Amino acid sequence: MKNIPTVLLISGGQGCEREVSLAGAEYLRGLIDREKYRLIEVNISPLGGWFIGDEAVYPLRLGNRQGLWRGGKILRIDCAIPLLHGDYGEDGRIQGALDTAGIPFVGCDTVSGAVCSDKSYTRAVAESLGVPVARGIPLPEGLDERELRERARELGYPLFFKPKRLGSSVGATPVYNDEQLYGAYALSCEISSGGALIEELVEEKRELEVGVLYRSGKRIISPVGEVRCEGFYDYRSKYREGGSEVTARADIDESVERQILDYTERLTSELCPGGLCRVDYFLSGERILFNEINTMPGFTKTSLYPRLMAEVGISPEALCEILIREAIGGGR
Ligand SMILES: Nc1ncnc2c1ncn2[C@@H]1O[C@H](COP(=O)(O)OP(=O)(O)O)[C@@H](O)[C@H]1O
Ligand SMILES: [Mg+2]
């Protein structure tokens, strides 16, 4: 067998975003150059077990050997691609596991993943950088109905509810009254950890997104793209064929574009200084509001992120190559 680097593509996972991850792996599989890299795939089961086919494996470092513990031996891995989203995937936990095992990996590090996956922390950092966000109030775990009502009153209905640490719009919903709020909160506490967040319901908004990629220590920022769909951008419209329309060049004023790119620089310097990410904003009238950073943006064939990168001349295949090279070279 040729002596080429081994790339480990990790997909599946425990989170609600398992399907998104599997669709991403399907796409990415076809982009990796097999002449250059040997591809091994791990599927993380819904219960969190790591499998190659039906053989259980796990990341491990033994002395100076590092990789996957497979059948009593260490299988050397040169680069892992944790193509996972949300809980356990994008929130620093898998990054920590790979780091501990000494396996280089694609994407942001543990701390960036953890902070960016927590919508309250990200908001707080954005505010400290002078980047505007929607008015919002965190809802810690363990609140009772009366406490919830009080917080909602502070903000006022209608409001927008979201679990603090889930993505793909899972559990995210507009809320118009106390009963709905309690229902949304109870469900969110069941499916996610860390509590939730309520924000003013931003109406009549456009959803603008920017892709960021690091190559050789330089940050590449894409133009501002747009996602359009009916109502708000929910799980179905995100992943159903034709459920949303994405364009890699939003039709916006130059001054808005400039402002968004400036915010993106500030935010990523602080929150995601390596790897890749997608930074999402709302444009509501004149207001530009930062919404969130995805440190492992959706990477399916219909996703905006690869299209944004294509706008700066980086094809999906080249993007894949850059991500792997950066990880192997320690440029993460
Ligand atoms: N404050 C808000 N007002 C109105 N709609 C919102 C608000 N926050 C989020 N949304 C809608 O919900 C979607 C998902 O919320 P988001 O914060 O992006 O979480 P996720 O991590 O699930 O993508 C957004 O794309 C947007 O359509
Ligand atoms: Mg989002």
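Keep in mind it's a predicted model, so treat the numbers as computed, not measured. (Residues numbered from 1 in each chain as written. Chains lettered and ligands numbered in written order. Predicted model: local features only at pLDDT ≥ 70, side-chain atom pairs only at ≥ 80, totals over all residues.)

Here's the deal with the overall build of the protein chain
Thought 1: A count of helical and extended segments in the protein chain gives 10 helices and 17 strands.
Thought 2: Whereas a compact globule of 332 residues would reach a radius of gyration of roughly 20 Å, the protein chain reaches 20 Å, a difference of no more than 12%.
Thought 3: Each of the three principal axes of the protein chain carries a C-alpha extent, and together these read 65 × 45 × 35 Å.
Thought 4: For the protein chain, the proportion of its 332 residues judged to be buried stands at 43%.
Thought 5: Excluding contacts between residues fewer than 6 apart, the proportion of contacts in the protein chain whose partners are at least 24 apart in sequence is 66%. (Helix = DSSP H or I, 4+ residues; strand = E, 2+ residues; numbered from the N terminus. Rg over C-alpha atoms; globule rule 2.2 N^0.38 Å. Buried ≥ 20, exposed ≤ 12 C-beta atoms within 10 Å, placed from the backbone. Contact = placed C-beta atoms within 7 Å.)

Comments concerning the nonpolar core
Thought 1: Counting residues in each nonpolar core, the largest one holds 63 residues, and the members touching the most others are I10, C79, A80, I81 and L83.
Thought 2: If you tally residues by element for this core, the top one is helix α10 (residues 316-328), at 6 residues.
Thought 3: Formed jointly, this core draws a minimum of three residues from each of two domains, domain 1 (6-105) and domain 2 (114-132 + 203-328).
Thought 4: Excluding anything up to four places from it in sequence, A80 contacts L8, I10, L98, I103 and F105.
Thought 5: Grouped together as the second largest cluster of nonpolar side chains are 16 residues, A152, F160, L181 and I198 included. (Core = buried A, V, L, I, M, F, W, Y, C linked by C-beta atoms within 7 Å. Domains from an automatic or database assignment.)

Observations regarding helix α8 (residues 254-271)
Thought 1: Taking 1.5 Å of rise per residue, 18 residues should cover 26 Å, and α8 covers 25 Å from first to last C-alpha, within 8% of that figure.
Thought 2: Looking only at α8, the buried set comprises I260, Y263, T264, L267, T268 and L271. The buried residues of α8 occupy one face: seen down the axis, they fall within an arc of 125 degrees. When the buried face of α8 is taken as reference, the exposed residues oriented beyond 90 degrees from it are E254, S255, R258, D262 and S269.
Thought 3: Contacts from the buried residues of α8 go to α3 (110-116), α4 (119-128), β13 (205-215), β14 (218-228), β16 (276-284) and β17 (287-294). (Expected span 1.5 Å × (residues − 1). Arc of directions from axis to C-beta.)

Focus: the domain arrangement of the protein chain
Thought 1: Assigned domains within the protein chain: domain 1 (6-105), domain 2 (114-132 + 203-328) and domain 3 (136-200).
Thought 2: Relative placement of domain 1 and domain 2: their C-alpha centres are 24 Å apart.
Thought 3: Contacts between the two partners involve 21 residues from domain 1, matched on the other side by 16 residues from domain 2.
Thought 4: Broken down by element, the side of domain 1 that touches domain 2 gets its largest block of residues, 5 residues, from helix α1 (residues 18-29).
Thought 5: Within the side of domain 1 that touches domain 2, the residues separate by chemical class into 13 nonpolar, 4 polar and 4 charged. (Nonpolar A, V, L, I, M, F, W, Y, C, P; charged D, E, K, R; others polar.)

A closer look at the pairing of β17
Thought 1: The buried fraction of β17 is high, at 6 of 8 residues.
Thought 2: Linkage of β16 to β17, two consecutive antiparallel strands, is achieved through a turn of 2 residues, within which G285 is found at a positive phi near 60 degrees. (Pairing = 2+ DSSP bridges.)

Here's the deal with unusual backbone geometry
Thought 1: Y157 connects to P158 through a cis peptide bond whose omega is -5 degrees.
Thought 2: Within the chain, S216 stands out as a residue other than glycine whose phi angle is a positive 50 degrees.
Thought 3: You can see S216 is positioned in the loop between β13 and β14.

With respect to the pairing of β14
Thought 1: As paired strands, β13 and β14 are joined by 8 bridges and run antiparallel to one another. Opposite E207, over in β14, you have V227 as the bridge partner.
Thought 2: Hairpin remark: β13 followed by β14, antiparallel, with 2 residues in the connecting loop; positive phi at S216, about 50 degrees.
Thought 3: Pairing analysis gives 3 bridges linking β14 to strand β15 (residues 245-247), with the strands arranged antiparallel. Paired with E226 across the two strands is T247, which belongs to β15.

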